[in-house]
Amino acid sequence: MAGLDSAGLRLGVLGGTFDPVHIGHLILAEAAREELALDRLLFVPAGQPWRKAGRDIATAADRLAMLEFAVSDNPAFEVCTIEVEREGPSYTVETLSEIKARSLPAQIFFIVGEDALEDMPNWKEPERIAELAEIVAAPRPGRPSPHETGRITLLRGMPIIGVSATAVRERVRDGRPIRYLVPPAVEDYIRRRQLYISS
Ligand code: ATP
């Protein structure tokens, strides 16, 4: 992101744990890129995902490496490391403030799945999040469609993808295939590093 010429830039931000990144994230990101005419989309892995405290997660280095593989063939996608570099819990409001300060006058779109949208009132300073970025919501299976309001835009073209990182981890643990659920390089990485075998 350094040295970004951001005049008129439409910047998408997709935060998450990415433990691991999977096709749900990639299809969501690409649907947002197309529908919102984004110039660039930042994947922002959480350093310490405070909403997932209490369960073991892969190291930030492993989650970052998998993301780098996953985005490498899309010139609009980029991995942004500000949350893993920041000490303490990863709060979205701080991330968006920092991205905004670094890339003024870009217009920022914060992209979330329906589960994250429902949880957002519990996050730190949700009002400020909505001031910093336009909130864009995507459907997830088993959840009612998000309501479009003045402050939330729906990704209408996003197909519903019933894949979660939890399901990928469970399949690895159970010795089942994850082919097509994650990019091939991510699968290779998981196997090589023997991730998720016992979690
Ligand atoms: P876990 O199963 O470990 O909770 P996850 O699959 O939900 O993980 P996260 O990294 O927590 O993945 O998600 C990051 C963002 O991507 C969140 O906004 C989440 O709602 C969204 N997301 C993840 N999977 C999908 C999917 N299949 N469809 C739409 N949005 C998704």
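Quick look at the structure, then. Being a predicted model, the structure only gives us computed values, none of them experimental. (Residues numbered from 1 in each chain as written. Predicted model: local features only at pLDDT ≥ 70, side-chain atom pairs only at ≥ 80, totals over all residues. Heavy atoms only, no water.)

1. Here we look at the sheet that holds strand 6 (residues 152-154)
- Spatial ordering of the open sheet is given by 3-2-1-4-5-6, a layout of six strands whose pairing is parallel. Each edge of the sheet is formed by a strand with only one pairing partner; in this case those strands are strand 3 (77-79) and strand 6. Taken over all neighbouring pairs, the strand axes of this sheet differ in orientation by 30° on average, direction set aside.
- Here strand 5 (residues 134-138) runs beside strand 6; their pairing, made up of three bridges, is parallel. (Pairing = 2+ DSSP bridges. Helix = DSSP H or I, 4+ residues; strand = E, 2+ residues; numbered from the N terminus. Axes fitted to C-alpha atoms, helices over the stretch in contact; angles between N-to-C directions.)

2. As for helix 2 (residues 60-71)
- If you check helix 2, its first and last C-alpha atoms are 16 Å apart, about what twelve residues at 1.5 Å a residue would give, namely 16 Å.
- Taken as a whole, helix 2 has its buried residues at Asp62, Arg63, Leu64, Met66, Leu67, Ala70 and Val71. (Expected span 1.5 Å × (residues − 1). Buried < 20%, exposed > 50% of the residue type's maximum accessible area, 1.4 Å probe, protein only.)

3. Some remarks on the packing of aromatic side chains
- The full count for this structure, using the stated rule, is four aromatic pairs.
- Ring centres of Phe18 and Phe43 lie 5.9 Å apart, and the angle between their planes is 55°; this geometry places the pair in the tilted category. Of this pair, Phe18 sits in the loop between strand 1 (10-16) and helix 1 (23-35) while Phe43 sits in strand 2 (residues 40-45); the two residues are 25 residues apart in sequence, bridging distant segments of the chain.
- We classify Phe18 as buried; its relative accessible area is 2%.
- Overall, the relative accessible area of 0% leaves Phe43 in the buried class. (Phe/Tyr/Trp six-rings, centres within 6.5 Å; stacked < 30°, edge-to-face > 60°.)

4. Here's the deal with unusual backbone geometry
- Residue Pro20 is bonded to the preceding Asp19 through a cis peptide linkage, with omega at 0°.
- Unusually for a residue other than glycine, Ala37 sits at a positive phi of about 50°.
- Using a relative accessible area of 47% as the deciding quantity, one classes Ala37 as partly exposed.
- Residues other than glycine seldom take positive phi values, yet Glu125 does so here, at roughly 50°.

5. Re the environment of Pro105
- Note that Pro105 resides in the loop between helix 4 (92-102) and strand 4 (107-113).
- Here Pro105 falls in the exposed class, since its relative accessible area comes to 55%.
- The sequence separation of Pro105 and Gly8 amounts to 97 residues, and the corresponding C-alpha distance is 6.7 Å.

6. Focus on the nonpolar core
- Residues Leu41, Phe43 and Leu155 are the most contacted members of the largest nonpolar core, which totals 38 residues.
- In this structure Leu155 touches Leu28, Ala31, Ala32, Glu35, Leu36, Val136, Ala137, Ala138 and Pro139, once residues within four positions along its chain are discounted.
- Within the second largest apolar cluster, 25 residues are counted, among which are Val44, Ala116, Met120 and Leu132. (Core = buried A, V, L, I, M, F, W, Y, C linked by side-chain atoms within 4.5 Å. Contact = heavy atoms within 4.5 Å.)

7. Looking at the pattern of salt bridges
- This structure, assessed with the given rule, holds eleven salt bridges.
- Measuring nitrogen to oxygen at the nearest pair gives 2.9 Å for the salt bridge that ties Arg33 to Glu30. Of this pair, Arg33 and Glu30 are both found in helix 1, three residues apart, which corresponds to roughly one turn of the helix.
- Classification of Arg33 as partly exposed rests on a relative accessible area of 25%.
- For Arg193, the salt bridge identified is with Asp62, shortest N-O distance 2.9 Å. (Salt bridge = Lys/Arg side-chain N within 4 Å of Asp/Glu carboxyl O.)

8. Re helix 1
- The end-to-end C-alpha distance of helix 1, which contains 13 residues, comes to 18 Å, matching closely the 18 Å that a straight helix rising 1.5 Å per residue would cover.
- Those residues of helix 1 that fall on the buried side of the exposure criterion are Gly24, His25, Leu26, Leu28, Ala29, Ala31 and Ala32.
- In the core, the buried residues of helix 1 are packed alongside strand 1, strand 2, helix 2, strand 3, strand 4 and strand 5.
- Count one or two residues on from helix 1 and you reach Ala37, which has phi positive near 50°.

9. A few points about the pairing of strand 2
- Of all six residues making up strand 2, five are buried, and the element is well covered by its neighbours.
- For strand 1 and strand 2, the ladder comprises six bridges, and the chain directions are parallel. Residue Gly15 lies in a different strand from strand 2, and its bridge partner there is Val44.
- Taking the sense of rotation as the criterion, the β-α-β connection linking strand 1, helix 1 and strand 2 turns out right-handed.
- Where strand 2 and strand 3 come together, three bridges link them in parallel fashion. Of the residues in strand 3, the one forming a bridge with Leu42 is Glu78. (Right-handed = clockwise from strand over helix to strand, strands pointing away.)

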